[in-house]
Amino acid sequence: MVPATEALQSAKESLCATARWCYAQGWAPATSGNFSVRVDGRILVTASGLDKGTLTPAGLLEVDLSGAVQTPGVKPSAETALHLVLYRARPDAGAILHVHTVWNTLISARFAPRGYVPIEGYEILKGLSGVTTHAHIERVPILENSQDYDELSRKLGDALEANPNAHGVLLSRHGLYTWGQSVAEARRHLEALEFLFQVEERRLLAGQPETLIDL
């Protein structure tokens, strides 16, 4: 069995490598985005205002599920509260990735009135945990963006309860939250969803009709 400290260090390094990879894709521009990992009940999340292109484990701070900071002298991101909502609602989640991309920004704005992005019929859907067929319908909830994180946390909790099979949640004109049992699984979900958002938005920009899926 891998010692707890070794497992935690490995997860932290994997999370930072993924954050740097996201920055290289243009998915965490400026100091945007935030990333976290949970190992044996310990939660490490990116500190506020960091350049994700140069992130190292020193840029992670520890919080508990109530939001109390366990790392003195470091400021957490305001969006840490949303990570904690996700960890409480998804007990199996071991990592959460939050990115700001061109495609998730556009598609979240387009479908905001509907309240979710429906995606069906693509082979890459099988990159999402538990999905075994391209005929799967993925419903990605969309929440209105807000700087009131108490209210946003409540709405996120409601969305997660109402959509137990969702692999991600969008904030309108803001970005995507996705998660997985490990950093690797969360990254796989991120890649799959971002590919799907781009395909769908490009299709719609080309003048093809919106899907009539109504879940």
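Refer to the structure above for everything that follows.
Since the model is a prediction, treat every value here as computed from it, not as a measurement.

Draft legend 1. Structural view of the sheet that holds strand S1 (residues 34-39). Sheet architecture is open: eight strands sit in the order S3-S2-S1-S4-S8-S7-S6-S5, paired in mixed fashion. Every interior strand has two partners, whereas the edge strands, strand S3 (60-63) and strand S5 (116-120), have only one. Taking the axes of each pair of neighbouring strands and ignoring which way they run, one obtains an average angle of 20 degrees across the sheet. Alignment of S1 against strand S4 (residues 95-99), held across four bridges, turns out to be antiparallel.

Draft legend 2. View of unusual backbone geometry. Its identity is not glycine, yet Ala-30 carries a phi of approximately 55 degrees, on the positive side. With respect to the secondary-structure elements, Ala-30 resides in the loop between helix H1 (4-24) and S1. Judged by relative accessible area, Ala-30 falls into the exposed class, the value being 61%. Even without glycine at this site, Arg-173 takes up a positive phi of about 60 degrees. Among the secondary structure elements, Arg-173 is positioned in the loop between strand S7 (168-171) and strand S8 (175-180).

Draft legend 3. Summary view of the pattern of salt bridges. For the structure on display, the rule yields nine salt bridges. Where Glu-201 meets Arg-110, a salt bridge forms, and the shortest distance between an N and an O atom there is 2.9 Å. Within this pair, whereas Glu-201 is found in helix H5 (residues 183-205), its partner Arg-110 is found in helix H3 (residues 102-111), the two being separated by 91 residues in sequence. A salt bridge links Glu-200 to Arg-203, with the shortest nitrogen-to-oxygen separation between them at 3.0 Å. Residue Glu-200 and its partner Arg-203 are located together in helix H5, separated by three residues, close to a single helical turn. A relative accessible area of 19% places Arg-203 in the buried class.

Draft legend 4. Structural view of the side chain of His-98. Locating His-98 in the fold gives a position in strand S4. Among the polar contacts made by the side chain of His-98, one reaches the side chain of His-100 at a distance of 3.2 Å. Residue contacts for His-98: discarding those within four places in its chain leaves Gly-33, Asn-34, Phe-35, Glu-79, His-174, Gly-175, Leu-176 and Tyr-177.

Draft legend 5. Structural context of the packing of aromatic side chains. By the definition in use, this model includes one aromatic pair. Between Trp-21 and Trp-27, the ring centres sit 5.4 Å apart and the planes meet at 85 degrees, which makes this aromatic pair edge-to-face. Take Trp-27: its relative accessible area is 17%, and that puts it in the buried class. Lying over the aromatic face of Tyr-116, Arg-139 brings its terminal NZ or CZ to 4.1 Å of the ring centre. The ring of Trp-21 is capped by Arg-187, whose NZ or CZ atom sits 3.9 Å from the centre of that ring.

Draft legend 6. Examining helix H2 (residues 80-89) more closely. A large share of H2 lies buried, amounting to seven of its ten residues. Listed in full, the buried residues belonging to H2 are Thr-80, Leu-82, His-83, Leu-84, Val-85, Leu-86 and Tyr-87.

Draft legend 7. Main features of the nonpolar core. The biggest cluster of nonpolar side chains holds 37 residues, and the ones touching the most others in it are Val-117, Leu-170 and Phe-197. Among the secondary structure elements, those contributing two or more residues to this core are H1, S1, S4, H3, S5, strand S6 (137-143) and H5. Apart from the residues within four sequence positions on either side, Leu-170 is in contact with Asn-104, Ile-107, Ser-108, Val-117, Val-140, Pro-141, Ile-142, Leu-143, Gly-175, Leu-176 and Phe-197. Ala-47, Leu-84, Tyr-149 and Tyr-177 belong to the second-largest nonpolar core, a separate cluster that totals 22 residues.

Draft legend 8. Spatial organisation of the state of the cysteines. Taken as a whole and judged by the stated rule, the model has zero disulfides. Free cysteine: Cys-16, not disulfide-bonded; nearest cysteine sulfur from Cys-22 at 12 Å. Relative accessible area serves as the criterion here: at 0%, Cys-22 is assigned to the buried category.

So, how was this worked out
- Every residue gets a number counted from 1 within its own chain, in the order that chain's sequence is written.
- Local features are withheld for residues below a pLDDT of 70 in this predicted model, meaning they are given only at 70 or higher, and side-chain atom pairs are given and counted only at 80 or more; totals for whole chains, interfaces and linings count all residues.
- Derived side-chain values reflect all non-hydrogen atoms in the structure, with water molecules and hydrogen atoms excluded from consideration.
- If DSSP finds at least two bridges between two strands, the strands pair.
- Only DSSP runs of H or I covering at least 4 residues are called helices, and only runs of E covering at least 2 are called strands; the numbering of each starts at the N terminus.
- Angles run from 0 to 180 degrees between N-to-C directions of axes, and those axes are lines fitted to C-alpha atoms, restricted for helices to the stretch in contact.
- Burial classes follow relative accessibility: with a 1.4 Å probe on protein chains only, a residue under 20% of its type's maximum area counts as buried, one over 50% as exposed, and anything between as partly exposed.
- The term salt bridge refers to a pairing of a side-chain nitrogen on Lys or Arg with a carboxyl oxygen on Asp or Glu at a separation within 4 Å.
- Two N or O atoms form a polar contact when they lie within 3.5 Å of each other; inside protein one atom must be a possible hydrogen donor and the other a possible acceptor, and for residues adjacent in sequence the pair counts only when both atoms belong to side chains.
- A contact between two residues is defined here by any heavy atoms of the two lying within 4.5 Å.
- Ring pairs are drawn from Phe, Tyr and Trp, using the six-membered ring of Trp, whenever the two centres fall within 6.5 Å, and their geometry is named by plane angle: stacked under 30 degrees, edge-to-face over 60, tilted for the rest.
- In our convention, an over-ring charge means Lys NZ or Arg CZ found within 6 Å of a ring centre and within 35 degrees of that ring's normal.
- The term nonpolar core refers to a set of buried residues drawn from Ala, Val, Leu, Ile, Met, Phe, Trp, Tyr and Cys, joined through side-chain atoms within 4.5 Å.
- Our working definition of a disulfide is a cysteine sulfur pair at a distance within 2.5 Å.

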